[in-house]
Amino acid sequence: MQALYETWGYEKQDEAEPFDDSPLYAVVVRHINRWKNARDAGPGFLLTRT
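I will try to describe carefully the structure that is included in this document.

Rules and cut-offs
- Residues numbered from 1 in each chain as written.
- Predicted model: local features only at pLDDT ≥ 70, side-chain atom pairs only at ≥ 80, totals over all residues.
- Heavy atoms only, no water.
- Helix = DSSP H or I, 4+ residues; strand = E, 2+ residues; numbered from the N terminus.
- Buried < 20%, exposed > 50% of the residue type's maximum accessible area, 1.4 Å probe, protein only.
- Contact = heavy atoms within 4.5 Å.
- Areas by Shrake-Rupley, 256 points an atom, 1.4 Å probe, with all protein chains shown as cover.
- Polar contact = N/O pair within 3.5 Å; in protein donor to acceptor, adjacent residues only side chain to side chain.

The helix and strand tally for the protein chain stands at 1 helix and 2 strands. Beginning at the N terminus, the succession of helices and strands in the protein chain can be written as α-β-β. Within the protein chain, the fraction of its 50 residues that count as buried is 10%. Long-range pairs, those at least 24 residues apart, make up 14% of the contacts in the protein chain with a sequence separation of at least 6. About 4,500 Å² of surface is accessible on the protein chain, with carbon and sulfur atoms providing 53% of the total.

Right, dumping it as structure tokens:
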């Protein structure tokens, strides 16, 4: 799955295991200034306001 996200421009930054019995997850990020619009972000994309 990580390789697929890399094709969309995401980069692996870290790994996370939220709970002791959880699988190890890759933490990936994509710089938003590269997007033309939200549809370019790929699946799992969510806009949030802080």
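There's plenty left to go through after this.
The next point concerns the environment of Glu15. Within the secondary structure, Glu15 sits in strand β1 (residues 11–16). Linking Glu15 and Tyr25, residues 10 residues apart in sequence, is a C-alpha distance of 5.5 Å. The contacts of Glu15, once residues within four sequence positions are left out, are Leu24, Tyr25 and Val27. Here the side chain of Glu15 touches Lys12 through a polar contact of 2.8 Å, side chain to side chain.

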